[in-house]
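# Fold and geometry: a report
So the chains spell out like this:
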Amino acid sequence: MHNFSLNIKHIGLFALLGLPLLAMAETPEEKGLAIAIEADKRDTGWQDQTASLEMVLRNRHGQESKRNIRTKTLEVDGDGDKSLSIFDSPRDIKGTAFLSYTHALVPDEQWLYLPALKRVKRISSNNKSGPFMGSEFSYEDLSSQEVEKYSYKYLRTEEIDGREAFVIERKPAYKYSGYTRLTTWMDTEMYQPLKIEFYDRKKALLKTLTYSGYQQYEGQFWRPTNMSVVNHLTKKSTDLHWKDYRFKTGLTSRDFDRNSLKRAR
Amino acid sequence: MFTRASLSILSAALFCIPAFSDAGEWSGYVSGEFRAFANSPTDARQHDNNISFSAQPEYYTDWDNGRQSITVVPFVRWDENDSERSHADIRELTWLKAADSWELRAGIRKVFWGVTESQHLVDIINQTDLVEATDGEEKLGQPMVNLALISDWGTVDLFVLPGFRERTFPGEKGRLRSSPRVDTSQAIYESDDEEQHIDYAARWTHYLGDWDIGLSYFNGTSRDPRFALGQDNKGQPALIPIYDLIEQWGFDLQATLGDWLWKFEVINRSGQVDRSGQDKSYTALTAGFEYTFIGIADSNADLGVISEVLYDERGDDALTPFADDILLASRLTLNDEQSTEFLLGMIFDSDDAARLLTLESSRRFGENWKITLEGQAFIDIPNVNTELLVGVRRDSYLQLEIARYF
């Protein structure tokens, strides 16, 4: 029984749309879920996406190492996306390609192509919490965000770095998740995350991820230019710099099969 | 080295390079290697410690929206002591055309089939470049035309393989060889076409949920030679490789169930004459698992435990030393910025005390350097002529390799 502050005009609008008045009495859980559903809805319809990214790994002494990766992603209705990542550097793993069919609640299906051996290896994907390429990002952090992956609780609305954000607590539904909860600052206009705090299995704050440089593509889809994650335990950090986002390039599921993995460049 | 048929595939591939393609890209590596042996050699002509250098550049260009490409990968090695190990090869020279429901590849290529770690029974397209690596993991480029047909029920790969590649063997001064050495200049073929014989192969692969399946067929010259005792041009005893015509069916399966990988490979081969001189069809298999402990001791490191059974129906008459053996291995992956990895494995012979210990480890330095430490130890190998590993019983070694990638 929270939203009594809604004015008559709003109630009139809900009535007009035929929505049950109960919507007004939504619990924090319902409101959190509603925001997640809205965010998902707004980011639906991009069909496919390609992008390149530079990953900068920094250890506690500030020493850097870099990786260059190209990604292709296919939007899949009613399931997690399919993605193909191709590594350009470090040079010793150049041509290594990673194919993933992501799912919300069951393990992903993952294959790795090792160019030196010409070998496609199906790999175990139970564990999505392991580090991606030695970085502070886990596979879980970088895979597609499906609504069913979490339970939600709306906490408050507050300003962060000059933008208004819903603060939502998420609890992973996936039993092998590396986290117990995530606090997410979701931009109220873009419906995209601005900041996420990750709490580990011991319920301690493990890392903080911040997003910046959002740009809108195709008049609809917001994508960040930079993602930066800091691990509070190890003091290591990883920055992702995204560029060359392209949408609706005409990719099909054929570009995400095991044959395409072998010729990914 | 290459046959006429394969040369025509090559030139056809070269003609497919469009005149105005974008400049392609170069990558590859140069590497230096030092091998130290634990014991003096069995044969006084063989060397002790050894230095070697190799390079493998790669050129790639594509056009037609990435649907067509050319890949060229030459390889060259110089070895301090072994003239047979100093060699060059074209690992790859392939034209590729990919369409929605098929992919066509023509040229020289490497292909890998199978799932197991200890040995690769099903993998038959490429000849082993034995001077490169004693574990048989390095392969020579194979001329081929390969059509892949892609549908909802999997991929069917059809191969025409013109031109046979002989297995490489260490020379007189080389270590890790049989005694007497193999004289490759006198190879004998069952086929009258000798190395010009055209081989055929087919493979179907598919995956159903957690199961990855492969079924394969090969008809042609066996990649595995048997040997006859003869003499080299100096009148010294030598083993003469004999290549039979064979037919082989193969089946491989991997189940990826949580942190378990269950692996199985089986072949049935006919036409291959065994060590007792009999031409009997036989079955061989590898079966086992890899289980991974994720994030051991609250770290990012994963520890894998691998075990496989290696079985060959021919027993002591098999051409491989792994007729009834067990592999126990452990893989440690640190998941750090330098991609540090260790693999330590031991193959036990169930008949006697013979053991083969293998170490593989690697770590990246900076952005472009990689250091690899490898080794093999041959333990309690019986000093009898019937033992296939008798020639290498004193050849346990440790090898340090430093590679610069570009």
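Numbering of residues begins from 1 in every chain and follows the order in which that chain's sequence is written. Throughout, the order in which chains and ligands are written sets their labels, letters from A for the former and numbers from 1 for the latter. In view of the model being predicted, local features appear only for residues whose pLDDT reaches at least 70, and side-chain atom pairs are presented and counted only at 80 or more, with totals across whole chains, interfaces and linings using the full set of residues.

### Here's the deal with the overall build of chain B
Where helices and strands are cited, they refer to DSSP runs of H or I of at least four residues and of E of at least two residues respectively, numbered from the N terminus. Along its length, chain B carries one helix and 21 strands. Relative to its length of 406 residues, chain B is compact, with a C-alpha radius of gyration of 22 Å against a globular reference of 22 Å. On the principal axes, the C-alpha backbone points of chain B span a range of 60 × 60 × 40 Å. With C-beta atoms placed from the backbone, a residue is labelled by how many other C-beta atoms lie within 10 Å of its own: buried for 20 or more, exposed for 12 or fewer, partly exposed between the two. Among the 406 residues that make up chain B, the fraction classed as buried is 37%. Contact between two residues is assigned when their C-beta atoms, built from the backbone, lie within 7 Å. Within chain B, residue pairs in contact and separated by at least 24 positions form 57% of the contacts whose partners lie at least 6 positions apart. C-alpha atoms define the radius of gyration in this analysis, and the globule rule sets the expected value at 2.2 Å times the number of residues to the power 0.38.

### Here's the deal with the overall build of chain A
For chain A, the helix and strand inventory stands at four helices and 15 strands. Relative to its length of 265 residues, chain A is compact, with a C-alpha radius of gyration of 20 Å against a globular reference of 18 Å. The 265 residues of chain A split such that 31% are buried. Across chain A, contacts joining residues at least 24 apart in sequence account for 42% of those joining residues at least 6 apart.

### A short note on unusual backbone geometry
The step from Ser-89 of chain A to Pro-90 of chain A runs through a cis peptide bond, and the omega angle for that step is 5°. By secondary structure assignment, the location of Pro-90 of chain A is in the loop between β3 (82-89) and β4 (97-101). In this chain, Ser-179 of chain B is followed by Pro-180 of chain B through a cis amide linkage whose omega measures 0°. With respect to the helices and strands, Pro-180 of chain B occurs in the loop between β7 (154-162) and β8 (188-189). If you check the backbone angles, Gln-47 of chain A has positive phi at about 65° while not being a glycine. Summarising the element assignment, Gln-47 of chain A is placed in the loop between α2 (28-42) and β1 (48-58). The exposure class of Gln-47 of chain A is partly exposed, given the 15 C-beta atoms found within 10 Å.

### Thoughts on the pairing of strand β16 (residues 302-312) of chain B
Criterion used throughout: strands pair if DSSP finds at least two bridges between them. Two strands pair when backbone bridges link them, and strand β15 (residues 282-293) of chain B and β16 of chain B are joined in this way by ten bridges, in the antiparallel orientation. Across the sheet, Ala-287 of chain B pairs through a bridge with Val-309 of chain B, a residue of β16 of chain B.

### Focus: the interface of chain B and chain A
Each side of the interface is counted separately: chain B has 35 residues, and chain A has 22 residues. Going through the elements one at a time, β2 (50-63), β4 (87-98), β6 (142-151) and β13 (245-257) of chain B are the ones with two or more residues in the side of chain B that touches chain A.

### Some words on the environment of Ala-287 of chain B
Relative to the elements of secondary structure, Ala-287 of chain B occurs in strand β15. For Ala-287 of chain B, the contacting residues outside a window of four places in its chain are Lys-263, Phe-264, Glu-308 and Val-309 of chain B.

### Details of the confidence of the model for chain B
Residues and elements named next belong to chain B. For every residue, the predictor assigns a confidence score, pLDDT, that lies between 0 and 100. Of the residues in chain B, 95% have a pLDDT of 70 or more, and the chain-wide mean is 92. Averaged pLDDT values over the elements of chain B bottom out at 54 in helix α1 (residues 4-15) and peak at 98 in strand β21 (residues 397-405). At the level of chain-chain contacts, confidence expressed as ipTM amounts to 0.89, with global pTM at 0.89.

### Quick word on α2 of chain A
Residues and elements named next belong to chain A. Taking 1.5 Å of rise per residue, 15 residues should cover 21 Å, and α2 covers 21 Å from first to last C-alpha, within 8% of that figure. Every buried residue belonging to α2 is among Gly-32, Ala-36 and Ala-39, and all of these are buried. Summarising the axial view, the buried residues of α2 lie within an arc of 60°, below the 170-degree limit, and thus occupy one face. Along α2, exposed side chains directed more than 90 degrees from the buried face belong to Ile-37 and Lys-41. Elements that come into contact with the buried residues of α2 comprise β7 (150-160), β8 (163-172) and β9 (179-187). Take the number of residues in a helix, subtract one, and multiply by 1.5 Å to get its expected span. Taking the helix axis as origin, the arc is that swept by the directions to the C-beta atoms.

### Overview of the confidence of the model for chain A
When the pLDDT values of chain A are averaged, the result is 88; 91% of them are 70 or greater. Low pLDDT, under 50, characterises residues 1-16 of chain A; the stretch is placed with eight contacts to residues that sit more than four places away or in other chains.

### Section: the environment of Lys-149 of chain A
Residue and element names in this part refer to chain A. By the secondary structure assignment, Lys-149 is in the loop between α3 (139-142) and β7. Exposure remark for Lys-149: the 21 C-beta atoms within 10 Å place this residue in the buried category. In sequence terms Lys-149 and Ile-35 are 114 residues apart; their C-alpha atoms lie 14 Å from each other. The contact partners of Lys-149, leaving out residues within four places of it in the chain, are Ala-104, Pro-172, Ala-173 and Tyr-174.

### Things to note about the sheet that holds strand β12 (residues 237-243) of chain B
Residue and element names in this part refer to chain B. Spatial strand order, β8-β12-β11: three strands in an open sheet with mixed pairing. Lying at the two open borders of the sheet, with one neighbouring strand each, are β8 and β11 (226-231). With six bridges joining them, β11 and β12 adopt antiparallel strand pairing. Looking at β12, one finds that Ala-228 is bridged to Ile-240.

### Focus on the nonpolar core
One nonpolar core equals one set of buried Ala, Val, Leu, Ile, Met, Phe, Trp, Tyr and Cys residues connected by C-beta atoms within 7 Å. In terms of nonpolar packing, the biggest core is built from 28 residues, with Val-122, Ile-125, Phe-159, Leu-161, Ala-201 and Leu-327 of chain B touching the most fellow members. Residue assignment for this core shows that the elements contributing at least two residues are β7, β16 and β17 (324-333) of chain B. Ranked by residues supplied to this core, first place goes to β16 of chain B with three residues. Not counting chain neighbours up to four residues away, the residues in contact with Val-122 of chain B comprise Trp-113, Gly-114, Gly-214, Ser-216, Gly-250, Asp-252, Glu-265 and Ile-267 of chain B. Grouped together as the second largest cluster of nonpolar side chains are 25 residues, Ala-39, Met-55, Ala-165 and Tyr-211 of chain A included.

### A look at the environment of Trp-78 of chain B
Relative to the assigned elements, Trp-78 of chain B resides in strand β3 (residues 68-79). Here Trp-78 of chain B is in contact with Ser-52, Phe-53 and Ser-86 of chain B, once residues within four sequence places are set aside.

### Description of the pairing of β9 of chain A
Residue and element names in this part refer to chain A. Of the strand pairs in this sheet, β8 and β9 are connected by six bridges, and their pairing is antiparallel. Considered in β9, the bridge of Phe-166 is made with Met-186. Taking the residues that link successive antiparallel strands as the turn, the β8-β9 hairpin has six residues. Bridge count between β9 and strand β10 (residues 193-200): seven bridges; the pairing is antiparallel. Residue pairing for β10: Leu-182 is matched across the bridge by Phe-198. A loop of five residues connects β9 with β10, the two strands running antiparallel in sequence, and Tyr-191 in this loop sits at a positive phi of about 55°.

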